[in-house]
Amino acid sequence: MRKPRAAVGSRSRCRKQASSQEGREKRALSSSQAKLSAPDGLARQQEEVRLQAPVSPYHLFRDTAEVTVFRKRLLSWYDREKRDLPWRRRVEGEVDLDRRAYAVWVSEVMLQQTQVATVIDYYTRWMQKWPTLQDLARASLEEVNQLWAGLGYYSRGRRLQEGARKVVEELGGHMPRTAETLQWLLPGVGRYTARAIASIAFGQATGVVDGNVVRVLCRVRAIGADPSSTLVSQQLWSLAQQLVEPARPGDFNQAAMELGATVCTPQRPLCSQCPVQSLCRARQRVEREQLSASRSPPGSRDVEECAPNTGQCQLCAPPTEPWDQTLGVANFPRKVSRRPPREECSATCVLEQPRALGGARILLVQRPNSGLLAGLWEFPSVTAEPSGQHQRKALLRELQSWVGPVPATCLRHLGQVVHTFSHIKLTYQVYGLALEEQTPVTVVPPGARWLTREEFHTAAVSTAMKKVFRVYEGQQPGTCKGSKRSQVSTLSGWKKPSAGQQVLDSFFRPHIPADAPSLNSATQ
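On a predicted model such as this, the values are computed, not experimentally measured, just so you know. (Residues numbered from 1 in each chain as written. Predicted model: local features only at pLDDT ≥ 70, side-chain atom pairs only at ≥ 80, totals over all residues. Heavy atoms only, no water.)

### Observations regarding the overall build of the protein chain
Heads up, the condition is: Strands here mean DSSP runs of E at least two residues long; helices mean DSSP runs of H or I at least four residues long; both are numbered from the N terminus. A simple rule labels every residue: compare its accessible area, found with a 1.4 Å probe on the protein chains alone, to the largest value its type can have, and call it buried under 20%, exposed over 50%, or partly exposed in between. Every residue pair with non-hydrogen atoms within 4.5 Å of one another is taken to be in contact. To be clear on the numbers: accessible area is Shrake-Rupley with a 1.4 Å probe, and residue cover counts the displayed protein chains and nothing else.
Counting secondary structure elements, the protein chain contains 19 helices and eight strands. The buried share of the protein chain, taken over its 524 residues, is 48%. Residue pairs in contact within the protein chain that sit at least 24 positions apart in sequence constitute 72% of those at least 6 positions apart. Put simply, the protein chain shows about 26,300 Å² of open surface, and 50% of that area lies on carbon and sulfur atoms.

Structure below.
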């Protein structure tokens, strides 16, 4: 997308504004650089990485004619097939550069690790509520968390607001104009996001590499080595920079990402619809393998494809991972083995006042301002061992710290919820306690609040807490069996309670089938 041209009569004023903007950026950049204690900062480290190992020209674009064809075909396809998305409409119709950059920034942050279909509604509501940087800078973290609730990776929203405040308070309300200054000056803005904003909003000719682009480039140039390695990552960034169309950098980058999202997909790619199929080395490899299947052992590599002068090519798949005929082009990129998330256990309690003035209320407490789910609201919880030892006592102490004495005998275990975050698999042991006969509690310490059920569903709470509440709703006091709306499971390895507690629990706790499944969730 080309950078909008200023009117002739305003050129002098624009030059002055540009000069002023450049001065602000230089001062802020100089200040940020002075704070770095390590000499090899992120930007310098990324730019100074060099490919020491041999790389065959087979994995590169060797002449400008091939690059020109790639650009032309990809952009022509994008102009015909691009999806109609709210952030694209907003950017195309916006002439103010700061608003354009803000619109791109919000969309790029929301799209990280999140599907387009999920983001559309969140993006629309966000831009309606905070259409400018100034509007977002004035918002509270509570409001940001409330709108972001359910989108996952909650630190993204907090950093987005921190960045907006920095732009307004330290940069005169103007977004940095280059990829380098965007990355240096804005919290949470990394290499990809900075280059996406710079190319789409400001027309800077800089390439981008996200998961979709990694897949496209690895297939187009048959790069079978681990794409997460420093060497391969740097090569992919180099290819992206070589390919980007200087006249339409924003459109080109979006086209490359669009191709990976809609055509060059992880499984069952639509090769027949690909505009650069004739340039794709992965597709060429598939055709050669099909022709030579009867003449050579399966999985053998044609040494004429990639023959570095010395040593094993560092961009080829290792010999330990032979070609899989059933995968076709999906042999690229190489699947990266991920470390499984660490497992943790938490005990959480839905504490309710059914007879509170104005209707039933449930207690929520606020998490710390840093760490997992920072600043969000949750039911009172304690970290617990999977065995459940001392779980009830610890949870009762936590409840009493917020509301004073509670009837310990009424604390009921309801089941469990397993929720997977990006790096943590967290099992919530769900308890419920209804203050039926207690005097309504109206005063709570800072960091706690009583909410109606309707207020809970619109509060800044995580998806995991909403699932915990669904378990509670299915096990209301006085019911004799679980609701079909809630899937719960009995505890595995739960420490046997005392005889008296067993009798009491048998009275309060509804029957839970031993084979009932856990309530699991995807990462959110």
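Resuming the write-up.
### Comments concerning the packing of aromatic side chains
Where we set the bar: Each pair of aromatic rings taken from Phe, Tyr and Trp, with Trp reduced to its six-membered ring, is defined by centres within 6.5 Å and is described as stacked if the planes are under 30 degrees apart, edge-to-face if over 60, and tilted in the remaining cases. Sitting over a ring, as applied to charges here, requires NZ of Lys or CZ of Arg to be within 6 Å of the ring centre and within 35 degrees of the ring normal.
Across all of its chains, the model carries ten aromatic pairs by this definition. Measuring from centroid to centroid gives 5.7 Å for W126 and W148, while their planes differ by 80°, and the two rings are edge-to-face. Here W126 is found in helix α6 (residues 116-129), whereas its partner W148 is found in helix α8 (residues 141-148), with 22 residues between them in sequence. Accessibility expressed as a relative area gives 1% for W148, which makes it buried. Between F379 and F469, the ring centres sit 6.0 Å apart and the planes meet at 25°, which makes this aromatic pair stacked. Placement of the pair is F379 in the loop between β3 (377-378) and β4 (381-383) and F469 in helix α18 (residues 463-473), with a sequence separation of 90 residues. A single burial state applies to F379 and to F469, both of which are buried. Of the aromatic side chains, those joined through ring pairs into one cluster are F379, F456, F469 and Y472. A cation over an aromatic ring shows up here: R125 above the ring of Y122, its NZ or CZ 4.9 Å from the ring centre.

### Re the side chain of E245
Secondary-structure assignment places E245 in the loop between α13 (230-243) and α14 (249-262). Excluding residues that lie within four positions of it along the chain, E245 makes contacts with R71, L75 and F252.

### Details of the side chain of S462
For S462, the position within the fold is in the loop between α17 (453-458) and α18. When its relative accessible area of 3% is taken as the criterion, S462 is described as buried. Those residues in contact with S462 that lie beyond four places of it in its chain are Y154, L373, L376 and W377.

### Topic: the pairing of strand β2 (residues 361-366)
It is a general feature of regular strands that their side chains alternate between the two faces of the sheet. Selection rule: Any two strands are treated as partners once DSSP identifies two or more bridges connecting them.
Two elements, strand β1 (residues 342-353) and β2, share two bridges in a ladder whose sense is antiparallel. Note on β2: the bridge partner recorded for Q353 is R361. In terms of strand pairing, β2 meets strand β7 (residues 448-451) through four bridges, oriented antiparallel. Looking at the pairing, L363 lines up with W450 of β7. Inspection of the sheet shows β2 paired to β3 by two bridges, in the antiparallel sense. By the bridge assignment for β3, V365 is matched with E378.

### Remarks on the pattern of salt bridges
For clarity, the cut-off: For this analysis, a salt bridge means a side-chain nitrogen from Lys or Arg found within 4 Å of a carboxyl oxygen belonging to Asp or Glu.
Counted according to the given criterion, the structure contains 21 salt bridges. In this structure, D135 engages R138 in a salt bridge whose closest nitrogen and oxygen atoms are separated by 2.7 Å. Of the two residues, D135 and R138 both sit in helix α7 (residues 133-138), three residues apart, roughly one turn of that helix. Salt bridges here are not isolated pairs; linked through shared partners, they connect D79, R248 and D251.

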